[in-house]
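Topology and contacts: notes
Here is what each chain is made of, one letter per residue.
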Amino acid sequence: MEKHKPVVVVGAGPAGLCAAIELKKAGAPVILLDENDKPGGQLFKQIHKFFGSREHKAGTRGFTIGTSLLDESLKLGIDVRLETEVVGVDPGLRVWAVRQRASSELIEASRLILATGATENALSFPGWTLPGVMTAGCAQTLINVYRVLPGKRVLIIGSGNVGVIVGYQLMQSGAEVVGIVEALPSLGGYGVHTAKLARAGVPFYTGTTVVRAEGVESLERATIAQVDGSFKPIASTERTLDVDTICLAVGLTPSLELSSLAGCRTIYVPELGGRMPLHDEYMRSSVQEVYVVGDTAGVEEASTAMEEGRLAGVHAAWSLGYMSDDDMKERVDETKQRLNALRQGVFGQKRFNAKARIIQESQLR
Amino acid sequence: MSATERYLKTKGAPSLAELEAVGMLPKLEDLARGACLCIECVEEIPCNPCETSCPNGAIKVGDPITNLPVIDREKCTACGLCIPSCPGLAITMKRVQGDRATIRFPWEYVPVPVVGDEVEMVDRLGNVVCPGKVIGVNAAARNDRTLVVGAEFAAEHVLSVISMKRKRS
Amino acid sequence: MERTNRVADHVVLGPAPEVEEVCIYLDGKPIPAKKGEPVMSALVAAGVTVFRHTAKGSPRRMFCGIGRCTDCVMKVDGVPGVRTCVTRVRDGMRVERQEGKGSWAEEAADGKA
């Protein structure tokens, strides 16, 4: 094994940071690349306290976890290259990166860990391109990172955890949430999250969809309607709400650009956001030197992304000879235990089963 | 959970019947005996900071961490440390004395309430139930920016009151 | 237009930090911005609702806010199609609404400020 070649981690969000930290701790050379000018991915937008147990830093706010990961990576002296976009990966594991949109470099990697995250889904309806219609993540970035309010009266489409968390955070920044619309008959997010909005008087509209958005040069009102059994709006139930903002919280899709370029085989898993790279129990893709971690390997949460990153980091370090068999096994076992703890209960079981299916499928091929 | 009501998954918050069905509605005698811990966490989510925040072992989640929390009222000293520890903001402390009730609840909005504020107490769906008065605001650093607000109001509303109405700036 | 959409106070984030102010120009009109923030947030803070028009004249603002979707592109210092959500402000920066793909040419209305 050529020990001088670095492990290249793409994406400095929670998964990538944790992978890089594990590699560096084990003594492996690692380079962490991110297209943004600040590391942390979406973690610094998460101003709420996380779920889980003490081992998952439960009860700690997302940005606090982000700060401690950055501190750790700084202390370890990890080579973090920001404003660096990876635009190509070839079968020889050469990573083509463009720095500050100006210079380009080829990095020969021993292993590649892809932590490229996911993209928020759009939803098309008449008027959806109007200024004022945006993803929930866009609104979250504006209020929690830049501290500007995109609007005063907000309608949220989608009642999953993203929709209800961003709805609560919009109220914390002073906006009014005029409603949360959910096409399914039941709300999707954790009851403790929806209860925060309910007690603030936010109405939930289940079995309802957005029919159109209207306004001259920007959003002025939205029309919603109940849906029938085949999710078609029922015209007689239409009602119009005065809003200047619509936030779409209708799921995320794994970002597959780089794993596709690397030749990783994919699998369709609707529970985890759609098409995603196959991976084994160590987060290794169908290309043995390439790992996929976090949302790009199936959309879950920051807390699971961090554990997946650790899993891949440990296994990659071991595979290059930087960790003993026993150490690897021990670290993998404890990480898996923490992961499993997060994939239980009424919400987690579905994700646990989906992940099990992916791992099983990866063994068959 | 009640088979007839689905408030939590349609209106966003549990009804009193749904809470009662999982043993999370306090009994009136508990509320009269002293400050009474109330946890409204009726779904199996992976979370246990309430358990680890309690210095007296009065809240049990155990393994797996998706278990619903179980309260040991004998061990609870009503210190309130669990209130800001809950990421779901699902913990309150209530008490009834004569015709007045008090509640301590988590709060994360500006403007920060001030002792003496005349406020409107709300139920789980945000309906104004009765007037109230802020009697305490705890902003201790260990709460990590979740304020714990104390308020008093008419005792007859003790079961329905969960928080207070947000003031619009 | 003195309105601001900046969030002054926040229980979790605390009071807004003091950040040095710079000035950018939207179609020639001065707009205050916070040093280090993206063009997008300076415009949102100033209440700007339209960032550009498509070739068919349909208005656009921002959509994803993290550099994925290109809904928020504008002409910045003469360069069209710049993603304003991932481009940080600079004092004196000239930002223009573009139509369609925009053009590289200097337009008559701008740059006179």
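Residues numbered from 1 in each chain as written. Chains lettered and ligands numbered in written order. Predicted model: local features only at pLDDT ≥ 70, side-chain atom pairs only at ≥ 80, totals over all residues.

Along its length, chain B carries 5 helices and 9 strands. Along its sequence from the N terminus, chain B presents helices and strands in the succession α-α-α-β-α-β-β-α-β-β-β-β-β-β. When its C-alpha atoms are laid out on the principal axes, chain B stretches across 40 × 40 × 35 Å. Within chain B, buried positions represent 47% of all 169 residues. (Helix = DSSP H or I, 4+ residues; strand = E, 2+ residues; numbered from the N terminus. Buried ≥ 20, exposed ≤ 12 C-beta atoms within 10 Å, placed from the backbone.)

What follows covers the domain arrangement of chain A. Residue and element names in this part refer to chain A. Examined at the domain level, chain A breaks down into domain 1 (7–119 + 252–364) and domain 2 (122–248). Computed over C-alpha atoms, the centres of domain 1 and domain 2 are 31 Å apart. With 5 residues of domain 1 in contact, the opposing surface of domain 2 contributes 7 residues. Among the residues forming the side of domain 1 that touches domain 2, the class breakdown is 3 nonpolar, 1 polar and 1 charged. (Domains from an automatic or database assignment. Contact = placed C-beta atoms within 7 Å. Nonpolar A, V, L, I, M, F, W, Y, C, P; charged D, E, K, R; others polar.)

Residue and element names in this part refer to chain B. Sheet topology note: the strand β6 (residues 118–122)/strand β7 (residues 128–138) ladder contains 5 bridges and is antiparallel. Across the sheet, the residue bridging to Val119 is Gly132, located in β7. The antiparallel hairpin formed by β6 and β7 contains 5 residues in its connecting segment, where Gly126 sits at a positive phi of about 85 degrees. Bridge analysis of β7 against strand β8 (residues 147–154) gives 6 bridges, and the strand direction is antiparallel. Among the inter-strand pairings, Val134 is bridged to a residue of β8, identified as Ala151. (Pairing = 2+ DSSP bridges.)

Moving on, we come to helix α3 (residues 136–144) of chain A. Most of α3 of chain A sits out of view: 9 of its 9 residues are buried. Of the positions making up α3 of chain A, those classed as buried are Ala136, Gly137, Cys138, Ala139, Gln140, Thr141, Leu142, Ile143 and Asn144 of chain A. Where the residues of α3 of chain A are buried, they touch β8 (118–120), β9 (133–135), β10 (153–157), α4 (161–172) and β16 (245–248) of chain A together with α1 (39–45) of chain C.

All names here are of chain A. The contact between helix α7 (residues 302–319) and helix α8 (residues 325–342) brings their axes to 10 Å, and the two run at 165 degrees. Here α7 is positioned roughly antiparallel relative to α8, judged by the angle of their axes. Relative to α8, α7 is oriented so that their crossing is left-handed. Along the contact surface, α7 presents Ser303, Thr304, Glu307, Arg310, Leu311, Val314, His315 and Trp318, while α8 presents Met328, Arg331, Val332, Thr335, Arg338, Leu339 and Leu342. Broken down by class, the residue content of the contact of α7 with α8 amounts to 7 nonpolar, 4 polar and 4 charged. (Axes fitted to C-alpha atoms, helices over the stretch in contact; angles between N-to-C directions. Parallel < 35°, antiparallel > 145°, perpendicular 65-115°, else oblique. Left-handed = near helix turned anticlockwise from the far one by under 90°.)

Turning our attention to the sheet that holds strand β20 (residues 290–292) of chain A. Residue and element names in this part refer to chain A. Across the sheet, 5 strands lie side by side as β3-β2-β1-β7-β20; this open sheet has parallel pairing. The strands lining the two open edges of the sheet, one partner per strand, are β3 (79–81) and β20. Each adjacent strand pair in this sheet contributes to an overall mean axis angle of 20 degrees, direction not counted. For strand β1 (residues 7–10) and strand β2 (residues 30–33), the ladder comprises 4 bridges, and the chain directions are parallel. If you follow Val10 over to β2, its bridge partner there is Leu33.

Attention now goes to the confidence of the model for chain B. Close inspection of predicted coordinates is inappropriate in any region flagged by low pLDDT. Residues at a pLDDT of 70 or more form 97% of chain B, whose mean pLDDT is 95. Reported for the predicted complex are a pTM of 0.96 and an ipTM of 0.97. (pLDDT = per-residue confidence, 0-100.)

In this section: the nonpolar core. Residue and element names in this part refer to chain A. Counting residues in hydrophobic clusters, the biggest one holds 192 residues, and the most contacted among them are Ile113, Ile156, Ile246, Cys247 and Val293. With 9 residues, the single largest contributor to this core is α7. Each of domain 1 (7–119 + 252–364) and domain 2 (122–248) gives at least three residues to this core. (Core = buried A, V, L, I, M, F, W, Y, C linked by C-beta atoms within 7 Å.)

This part takes up the interface of chain B and chain A. Contact residues are listed per partner, giving 37 residues for chain B and 36 residues for chain A. Looking at the side of chain B that touches chain A, the elements with two or more residues in it are α1 (7–10) and α4 (49–53) of chain B. Among the elements that take part in the side of chain B that touches chain A, α1 of chain B stands out by supplying 3 residues, more than any other.

The interface is formed by 24 residues belonging to chain A together with 24 residues belonging to chain C. Within the residue set of the side of chain A that touches chain C, elements represented by two or more residues are β8, β9 and α3 of chain A. Among the elements that line the side of chain A that touches chain C, the one with the most residues is α3 of chain A, at 5 residues. Taken together, the residues of the side of chain A that touches chain C break down into 11 nonpolar, 10 polar and 3 charged.

Right, let's talk about the sheet that holds strand β15 (residues 239–242) of chain A for a bit. Two modes of strand pairing occur in sheets, parallel and antiparallel, and in both the strands are linked by backbone hydrogen bonds. Residues and elements named next belong to chain A. If you walk across this open sheet you meet the 3 strands as β13-β14-β15, and the pairing is antiparallel. This sheet does not close on itself; its edge strands, each paired only once, are β13 (208–214) and β15. Across the sheet, the mean angle separating the axes of adjacent strands is 30 degrees when strand polarity is ignored. Examined bridge by bridge, β13 and strand β14 (residues 221–226) share 6 bridges and lie antiparallel to one another. When the sheet's bridge partners are listed, Ala213 is paired in β14 with Ala222.

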